[in-house]
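Below are the chains, spelled out letter by letter.
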Amino acid sequence: MRQISLTGIKPTGDLHIGNFFGAMRPALQLAESYEARYFIADYHALNSVKDAAELRTHIRAVAAGWLAAGLDPDKVIFYRQSAVPETFELSTLLMAFTAKGLMNRAHAYKASVQANLDKQDDPDSGVNMGLFTYPVLMAADILLFDTDIVPVGKDQVQHVEMAQDIAQAINFNYKAELLRVPQAQMRENFAVIPGLDGRKMSKSYGNTIPLFVPEKQLRKTIMRIVTNSQAVDEVKDPEGCQVFALYTLFATPAEQDSLAARYRAGGMGWGEAKEALFQAVNRELSPLRQRYEAILADPAGLDAILARGALKARAIAGATIGRLRAAIGMD
Ligand code: ADP
Ligand code: TRP
């Protein structure tokens, strides 16, 4: 049997090129040789998106994004997390094997606590139990499907390691390989795509280049990339420049060499470098954008694709739950 690749994306905002290179494209490449199971992590989004219309919109947008990026729902099991209730049964089961201390160490939770402390606020302010137990739900997503590898960006590696710990605790307790122990797969080159301000591109930092915005807005966004104050005639260094770093994602090696030479020759202003970046990004993203618009124009079709995927997912999930219930004495 082929190995299994699984990943999820939270529908909390517009997809951006960090998601595309860090998670979606590697996942779609893996779908060529692995059995792939990709999903919309909508219950994860609920921790932060509390408006129904907004959540609904984000769910469809992320689903359409996957399809526009090339996911073939006949080859990949493609579904919404909330349509697979076995996830939540597994999550409850995993809770009993998850040390609270493990959750205390999760980066996302720690970052929220630290942000509160920095503001001299109560450390638990705005921290819901969904955020605190996030890694358990994510472990359930992964372990439910006998996952071998999880293609993710760097920020998610710790969560996959926690899923390993939890699976091992269960296997150890019942002295059986009840749950397959997953591995994170991170592409070093694409582990952290920089955002407009040079920090990790992230919805939470508001520094993203969205994948599917109209051309005009794409250009405007790219022009907002923060650069240093070097004048036009100064010689520039492509190393450590985020305009160039982003360019390498979209341009051919020959185009990269030629832009690097222009940096080193002097006489090129930042506006010109950004224009070259815009051209390269737009060339790659415009066909995706067209597919995306077409998919979103047919929400019923999109929902039907997700519903078909959920049926396939539930068949697998039901078998995992059955196996576990028998092992723990709840059959
Ligand atoms: P965000 O940080 O914008 O909220 P998500 O947490 O929804 O993004 O990430 C979805 C997937 O995309 C995850 O696998 C994550 O690791 C990956 N990802 C997000 N931002 C980046 C980035 N800047 N570079 C590489 N991968 C990223
Ligand atoms: N936590 C991931 C993120 O923020 C989304 C996610 C939820 C996920 N469940 C998953 C990723 C399972 C991989 C596997 O991006």
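Before any of the text, the structure's been laid out above.
Described in the following lines is the structure provided in the data block. Quick caveat: nothing in here was measured; it's all calculated off a predicted structure.

## Observations concerning the layout of surface pockets
1) Next: Taken as a whole, the largest pocket spans an internal volume of roughly 1,600 Å³.
2) Next: Lining of the largest pocket is provided by 49 residues; of these, Lys10, Asp155, Gln156, Lys200 and Ser204 occupy positions nearest its centre.
3) Next: Elements with a minimum of two residues in the lining of the largest pocket: β1 (4-9), α1 (17-30), α6 (107-118), α8 (134-143) and α9 (157-174).
4) Next: The element best represented in the lining of the largest pocket is α6, accounting for 6 residues.
5) Next: Residues that form the lining of the largest pocket fall into these classes: 21 nonpolar, 22 polar and 6 charged.

## Comments concerning the environment of Met24
1) Next: Locating Met24 in the fold gives a position in helix α1.
2) Next: Between the C-alpha atom of Met24 and that of Arg199, which follows or precedes it by 175 residues, the distance is 20 Å.
3) Next: The residues touching Met24, leaving out its near neighbours within four places in the chain, are Ile9, Leu15, Asn19, Gly65, Trp66, Ala69 and Leu211.

## Description of the site of ligand 2
1) Next: Taken together, 14 residues form the shell around ligand 2, and within it Lys10, Tyr134, Met138, Asp141 and Gln156 come nearest.
2) Next: Within the contact set of ligand 2, a nitrogen atom lies 2.7 Å away from a side-chain nitrogen or oxygen of Asp141.
3) Next: At 2.8 Å from a nitrogen atom of ligand 2 is found a side-chain nitrogen or oxygen belonging to Gln156.
4) Next: Alone, ligand 2 offers 360 Å² of accessible surface; in the complex the protein occludes 92% of this.
5) Next: The site holding ligand 2 turns out to be the largest pocket.
6) Next: Listed by contribution, the elements that provide at least two residues to the shell around ligand 2 are β1 and α8.
7) Next: Counting residues per element, the shell around ligand 2 draws most heavily on α8, at 4 residues.
8) Next: Broken down by class, the residue content of the shell around ligand 2 amounts to 8 nonpolar, 4 polar and 2 charged.

Thresholds applied
- Residues numbered from 1 in each chain as written.
- Chains lettered and ligands numbered in written order.
- Predicted model: local features only at pLDDT ≥ 70, side-chain atom pairs only at ≥ 80, totals over all residues.
- Heavy atoms only, no water.
- 1 Å grid on protein atoms, 1.4 Å probe; cavity = no way out; pocket = protein on both sides within 12 Å on 5 of 7 lines; lining within 4 Å.
- Points joined across faces, edges and corners; volume = space filled by probe spheres on them.
- Helix = DSSP H or I, 4+ residues; strand = E, 2+ residues; numbered from the N terminus.
- Nonpolar A, V, L, I, M, F, W, Y, C, P; charged D, E, K, R; others polar.
- Contact = heavy atoms within 4.5 Å.
- Near = heavy atom within 4 Å.
- Polar contact = N/O pair within 3.5 Å; in protein donor to acceptor, adjacent residues only side chain to side chain.
- Areas by Shrake-Rupley, 256 points an atom, 1.4 Å probe, with all protein chains shown as cover.
- Sits in = over half its atoms within 2 Å of the grid points.

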